[in-house]
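Chain by chain, the residues run as shown.
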Amino acid sequence: MTTQYHELLGESVDPGQLSIPKARALAETLSGNSRPFVRLVECRSKDDIEVVIFDVEVERGQRTVHPIQSDERIAAIFDRADQATPQAWALRKDFPQVPHLNIAPFDTPKSLCLYDEPYRDLKKRWTVVRFVERIREWLALTAKGILHEDDQPLEPLLTGHKGTIVLPACLQEVGKPDLPTHLSISATCTEDDRYFLVADVEASRRDKAGVRAVASVHACPPQKHGVIRWCPRNLKQLAELMAAAGLDLAAELRDRFRAWEERRRTDPGLLDAHVVLVILIPKVREEGAEPESRDAWAFITGDSLREVGVKLGIWEITDGQLGWLLRPGDDASDDLSVELLNPAFRLTRARAARLSGHRTHPKTKLVAVGAGALGSQVLMNLARCGFGTWHVVDDDRLLPHNLVRHSLNGHAVGFYKASSLAIEANALTEGEPAFSPIEADLLNPKEHAVKLAEVLGQASVVLDMSASVTVARDLALRTDATARRFSLFLNPTGEDLVFLAEDEQRNSRLDSLEMQYYRALAADPELDGHYRPSPRNRHGQSCRDITSNISQDQVALHAALASRAVRQAQATMAAGITIWRSAADGSVRRIDVPPAPTITLRMGDWTLCTDARLVQRLAGLRESKLPNETGGVLLGSFDLENKIVYIVDTIPSPPDSQEWPTLYIRGCRGLESDVIQAAARTDGMLEYIGEWHSHPDGCSTAPSNDDLQGFLYLTELMGRDGLPAVILIVGEGGNTSSYIGEMSRHESLLPRLPQ
Amino acid sequence: MHKMTFHPLGNADCCRIDLENGKKILFDYADVRIPDDKDDRRCDLPKLLRNDLEAAGRDNYDVVAFTHLDSDHYQGATAFFWLRCDSKYQAKGRIKIDVLWVPAAVITEDTAGMDDEAKLIQKEARHRFREGTGIRVFSRPDRLKDWCTRNGVDFDKRKHLITDAGWCAPEFSLIHDGVEFFVHSPFAKRLNDTEVEDRNRDSIVMQATFLAGNVETKALLMADVTHDMLADIVEITEGRGRDARLHWDIVKLPHHCSYLSLGPEKGEDKTKPIDQVKRLYEQKRLEGGVIISTSKPIPSKGSAEDRDKNPPHRQAANYYKEILDDPRNLLVTMEHPSVTSPEPLVIEIDRSKATVRKRWAPAAVVATSRPAHRAGAHTTS
């Protein structure tokens, strides 16, 4: 039996007569015996096309998956303008249907899909030798059935579309087949008979300008990839194609259209709508395997539903009246042209997460406080990966100067940042809106108070991005929410990003984490320059306000780090204090401060707030001086409004102190400058707040007479500034008594944390 | 994927086997090229092997087999390998042999008639055998026992180093390595036990069974055996009901396509094989099987080479071409991919069984694997 080959048009020419350089180069390479495994057969020429026909010997194993023969005849097609990728056609008439063929009409040679990149990119590396070797490799790998490697994504079943149509994500499911999905379609491009259409669910469109259409979604049984290789041009061909894939499309359409038509009275205009068919094809690698991916095709008809019904023989139109046919009428669906469009479905949050490389898209309820420069960009980053369900609290309106570092654009100037941001974020994905605005000032919510309390109560994370210490402190202390609190802010120069995260149990509270961050600033040389000494006022409330001259790239850099930090913190239970320091050369350094649990104790009007690490440190200092007593100065912060004393750090016993087994007199050498330095490094957030000293083993932490005297002195001294006296007495076994404002004769022990 | 590489060395052998798990095996080593002869198209074997080892980041072979001590199977080996028996052969850059495979004759054979290189390989084999490590000796325990007695070596403590015909070499297993080597020869049947040792009769013949993607591929590696020797192998194996041990997808022809490996008569245009050999080639062949002739190009009829009594013999080649599915499945190392520029012949072994690699060498590979053309002012004249 001799092999039958496709005949090609054009006239046969000598290789020397070829005039397209690539064709000629190929013919020259193939003629003579310089190259093994190939043999020139013939050259042909027609108009602006030249063809080089040659036989190749295929590298073929003893067993083949696809029936590629040891010798195959190939026609290489070149166009004079060199605009299109040189084609390689397999000329054998019974060349098999295999993966990776270009789509081609019936009964033409199979065209090998050799490259997956555009010719304009490929051109730079295209040589005759590589072209022939690519053809031979294609044949060799196809013979083995591994052109499609196991770990490669499955190839699309059908290519060669007329354009793109953006479809609502809901059309990825068959849904309710008896109800048509009404679409409004508008074109964004009409040039060159290529389409770019955008279809929205009609009800969701404010403008009714688009063309009306109804969508019908059909699912066919799973297909092995790469089986279907030609492009239907009319409904009949499409139905045949689908029948081969196990879907009786014509029957499904008849049933559906009848059901739809019965609803015509409640659905005026239905029959005038165009028809969009969406066909879903699950793809499997092996017969019986789980579908790995899914192809979707969209076909659009030029006809209205009324005409489609007629051509499918469902009904007929007589004098403008629609009449049902009792039996299916003549099938004229070959007269019903369909155009294949590449459907692009609207983004869902799940897909946004997947495309971001995330396995999940937590629907965690979060409240964001502050939608400024950092906040807006962090939120948009998180919106783009489908993370979280958000309420955004901000009462600011967007001003022109904000545009330098805000995710919103000029259209939003004058509007609330929170609402504009929610609109932007919600426009990314389809489905339930993930972002809701609350145009309120957290500290003074007025008419929003109830709503605010409600969303805070329901949230599992409250993310402070207000750049305000007051707001962060308020959030830390609020009792109307059980959520974990996170806080994100930049230092005044915009070079450093700070992230504070409470643990799941809130053992480390946000305000205490803030204090621990100050303690790190005061002591850690890695954090030098976080707050540069500046002449501006030293009220902490403003220290997170960034100066006005910071570039967007700096904010964007930190917003990127911050959004990742929020995602990661949400996924873990632990508390965290992290500072990222960016340098002018673009490098970023991450510094983690180990967080310690918060310790609080209420004493009269006052609440003391400290943390386990400081208590431990004081105990350690005491231990190191035993049997003598020792002590030092306490640094921290007063919150006079909430009557909280934060005890954060100590300057241990100065060298001129007197330390005896039952006596301690604190010296003062170097002390003043140490206190000033701590204040400077923390922008005044740490200041002198009181004294501590130790008691020897065998003694309680109740004050001695000397201690009472000392407390009186301190009360008088601090009272001049309107501040209470604060003294801690550290005894054996980790016992620590604390006294604020007044001192009883009894122990006043800090609570012990479970180890 | 496993890989067998047959090097174009004229009438000489070197086959490298690269296992999927990274292990490397060499069957014979004959560096026969004459470097100063620019018309010598035989490959620069040590360079190719070194490049391959370098790419794999190693300086050793898991196994090197010398099928028998004919120089077209060992030439230059003592310049290439690190020898344990003598520190003179332990310079940096020499390639180590983890386990040396030899037929028993290499240990027991009389040194008469051996060249210095063969004597050195024998010395190495004997050294390893005495040391009791790094060697496997195939078959003939009777003769080895004699040798041990004569040389004061405790035979019983060397028994684990010996594998008799009818067994698989324990260095490899299908489960761990995706390959096993079944030993066909040497074996004990001899016509006349007082005869001097006949190297070809005492050479290693093996069937390698590769496993890749759950598919077996079988290769017969047949050293230089003659037709009567093959007849014995076929008869013994069939007689024990172990037909499958004769099946083949790949044959490495014995003796460079000599008619004597088929039958006693060369024939005018085609050698007629004796019955047992005919069965081996025609009945034990698996579909699509390929035959490798490690030889010079097959001479055309009436050419000077055709009149040469040395192989390859056109008549033998004609027989092989006839029994194959496609005459191109007879592959000749010095003809592949072309007579003018032979390249190592690579057979890939995977789910498709044997695939002969047929690629055009990329220009860059060609350019960097050969000396550059002469350049300079004197070339313009």
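Residues numbered from 1 in each chain as written. Chains lettered and ligands numbered in written order. Predicted model: local features only at pLDDT ≥ 70, side-chain atom pairs only at ≥ 80, totals over all residues. Heavy atoms only, no water.

## Focus: the overall build of chain A
Here is step 1 of the chain: When you go through chain A residue by residue, the secondary structure sums to 16 helices and 34 strands.
Here is step 2 of the chain: Buried positions account for 51% of the 755 residues belonging to chain A.
Here is step 3 of the chain: Here chain A displays about 35400 Å² of accessible surface, and carbon together with sulfur accounts for 50% of that area. (Helix = DSSP H or I, 4+ residues; strand = E, 2+ residues; numbered from the N terminus. Buried < 20%, exposed > 50% of the residue type's maximum accessible area, 1.4 Å probe, protein only. Areas by Shrake-Rupley, 256 points an atom, 1.4 Å probe, with all protein chains shown as cover.)

## Here we look at the overall build of chain B
Here is step 1 of the chain: Per the secondary structure count, chain B includes 11 helices and 15 strands.
Here is step 2 of the chain: Relative to its 381 residues, chain B shows a buried fraction of 56%.
Here is step 3 of the chain: For chain B, the accessible area works out to roughly 16600 Å², and carbon and sulfur atoms hold 49% of it.

## Here we look at a negative patch on the surface
Here is step 1 of the chain: There is a patch of like negative charges on the surface, built from D178, D248, D255 and E262 of chain A.
Here is step 2 of the chain: Positionally, D255 of chain A belongs in helix α5 (residues 249–262). (Patch = residues over 30% accessible without salt bridge, like charges linked within 9 Å, V, L, I, M, F, W, Y side chains within 5 Å. Salt bridge = Lys/Arg side-chain N within 4 Å of Asp/Glu carboxyl O. Lys, Arg positive; Asp, Glu negative; His and termini not counted. Charge placed at Lys NZ, Arg CZ, Asp CG, Glu CD.)

## What to know about the environment of L463 of chain A
Residue and element names in this part refer to chain A.
Here is step 1 of the chain: For L463, the location among the structural elements is in strand β21 (residues 461–464).
Here is step 2 of the chain: A relative accessible area of 0% places L463 in the buried class.
Here is step 3 of the chain: Along the backbone, L463 and G370 are 93 residues apart, and their C-alpha atoms lie at a distance of 8.6 Å.

## A word on the interface of chain A and chain B
Here is step 1 of the chain: On the chain B side, the residues contacting the 21 residues of chain A number 23 residues.
Here is step 2 of the chain: When the area that chain A buries against chain B is broken down by residue, the three leading residues are E59, Q62 and R63 of chain A, summing to 40%.
Here is step 3 of the chain: Seen at the junction of chain A and chain B, the total is 5 salt bridges.
Here is step 4 of the chain: We note a salt bridge from R328 of chain B to E57 of chain A, for which the minimum N-O separation is 3.5 Å. (Contact = heavy atoms within 4.5 Å. Buried area = accessible area lost by both parts, 1.4 Å probe.)

## Brief notes about the sheet that holds strand β8 (residues 179–185) of chain B
Picture the strands of a sheet paired through backbone hydrogen bonds; they go either parallel or antiparallel.
Residue and element names in this part refer to chain B.
Here is step 1 of the chain: Taken together, 6 strands build an open sheet; the order of strands is β8-β9-β10-β11-β12-β13 and the sheet is mixed. Looking along the sheet, the strands with just one partner apiece sit at the ends: β8 and β13 (330–332). Ignoring which end each strand starts from, the neighbouring axes of this sheet average 20° apart.
Here is step 2 of the chain: Sheet analysis places strand β10 (residues 215–221) next to strand β11 (residues 248–252), joined by 3 bridges and oriented parallel. (Pairing = 2+ DSSP bridges. Axes fitted to C-alpha atoms, helices over the stretch in contact; angles between N-to-C directions.)

## Structural notes on helix α4 (residues 235–244) of chain A
An α-helix turns once every 3.6 residues. As a result, residues three or four positions apart point the same way.
Residue and element names in this part refer to chain A.
Here is step 1 of the chain: Listed in full, the buried residues belonging to α4 are L235, L238, A239, L241 and M242. One face of α4 carries all of its buried residues, which in axial projection span an arc of 160°.
Here is step 2 of the chain: Packed against the buried residues of α4 are α5, β13 (274–284), β14 (293–304) and β17 (338–345).
Here is step 3 of the chain: Measuring from the side-chain oxygen of the N-cap residue of α4 to the backbone nitrogen of K236 gives 3.0 Å; that N-cap residue is N234.
Here is step 4 of the chain: Trailing α4 by a residue or two, G246 shows a phi angle of about 90°, which is positive. (Arc of directions from axis to C-beta. Polar contact = N/O pair within 3.5 Å; in protein donor to acceptor, adjacent residues only side chain to side chain.)

## Focus on helix α9 (residues 417–426) of chain A
Residue and element names in this part refer to chain A.
Here is step 1 of the chain: In terms of residue burial, α9 counts as a mostly covered element, since 7 of its 10 residues are buried.
Here is step 2 of the chain: For α9, the full list of buried residues reads K417, A418, S419, S420, L421, A422 and A425.
Here is step 3 of the chain: Each element contacted by the buried residues of α9 is listed here: α8 (373–384), β19 (389–393) and β20 (435–438).

## Regarding the packing of aromatic side chains
All names here are of chain B.
Here is step 1 of the chain: Within this structure, the stated rule accounts for 26 aromatic pairs over all chains.
Here is step 2 of the chain: A ring pair is formed by F66 and F81, whose centres lie 6.3 Å apart and whose planes are at 90°; its orientation type is edge-to-face. One end of the pair, F66, is in the loop between β4 (60–65) and α2 (77–80); the other, F81, is in the loop between α2 and β5 (96–103), with 15 residues separating them in the sequence. Comparing F66 with F81, the two get one shared label, buried.
Here is step 3 of the chain: By way of ring pairs, the aromatic residues F27, W101, F138, F172 and F181 are connected into one cluster. (Phe/Tyr/Trp six-rings, centres within 6.5 Å; stacked < 30°, edge-to-face > 60°.)

## Quick notes on the pattern of salt bridges
Pairing between side chains becomes possible if they bear opposite charge and their charged atoms approach one another.
Residues and elements named next belong to chain B.
Here is step 1 of the chain: Counted under the stated rule, the structure contains 73 salt bridges over all chains.
Here is step 2 of the chain: A salt bridge links R16 to D18, with the nearest nitrogen and oxygen atoms 3.0 Å apart.
Here is step 3 of the chain: On the basis of relative accessibility, which here comes to 9%, the residue D18 falls in the buried class.
Here is step 4 of the chain: Notably, a salt bridge pairs D269 with K301, separated by 3.1 Å at the nearest N-O pair. In this pair, D269 sits in the loop between β11 and α8 (275–282) while K301 sits in the loop between β12 (285–293) and α9 (304–307), placing the two residues 32 residues apart along the sequence.
Here is step 5 of the chain: Assessed through its relative accessible area of 53%, K301 is described here as exposed.

## Re the pairing of strand β6 (residues 135–138) of chain B
All names here are of chain B.
Here is step 1 of the chain: Residues I135 and V137 of β6 are buried on one face, and the alternating residues R136 and F138, pointing to the opposite face, are buried as well.
Here is step 2 of the chain: Here β5 pairs with β6 via 4 bridges, running parallel. Counted as the bridge partner of L100 is I135 from β6.
Here is step 3 of the chain: Where β6 meets strand β7 (residues 162–163), 2 bridges bridge the pair, whose relative direction is parallel.

## A word on the side chain of H336 of chain B
Here is step 1 of the chain: Within the secondary structure, H336 of chain B sits in the loop between β13 and β14 (345–350).
Here is step 2 of the chain: Residue H336 of chain B is classed as buried on the basis of its relative accessible area, which comes to 7%.
Here is step 3 of the chain: For H336 of chain B, the side chain forms a polar contact with the main-chain oxygen of R357 of chain B, separated by 3.4 Å.
Here is step 4 of the chain: Those residues in contact with H336 of chain B that lie beyond four places of it in its chain are F37 of chain A together with L331, S341, P342, E343, P344, L345, V356 and R357 of chain B.

## Focus: the environment of G684 of chain A
Here is step 1 of the chain: Mapped onto the elements, G684 of chain A comes out in the loop between α15 (671–681) and β32 (687–694).
Here is step 2 of the chain: Considered as a pair, G684 of chain A and S637 of chain A are 47 residues apart in the sequence and their alpha carbons are 9.1 Å apart.

## A closer look at the sheet that holds β6 of chain B
Residue and element names in this part refer to chain B.
Here is step 1 of the chain: Strand order across the open sheet formed by 9 strands is β7-β6-β5-β4-β3-β2-β1-β14-β15, with mixed pairing between neighbours. Edge positions in the open sheet fall to β7 and β15 (353–356), since each of these has one partner strand only.
Here is step 2 of the chain: Sheet topology places strand β1 (residues 2–6) next to strand β2 (residues 15–18); 4 bridges connect them, and they run antiparallel. Bridge assignment links K3 to a residue of β2, and that residue is D18.
Here is step 3 of the chain: On top of the sheet, helix α4 (residues 116–131) reaches β5, β6 and β7; it is set at about 100° to β5, its chief contact.

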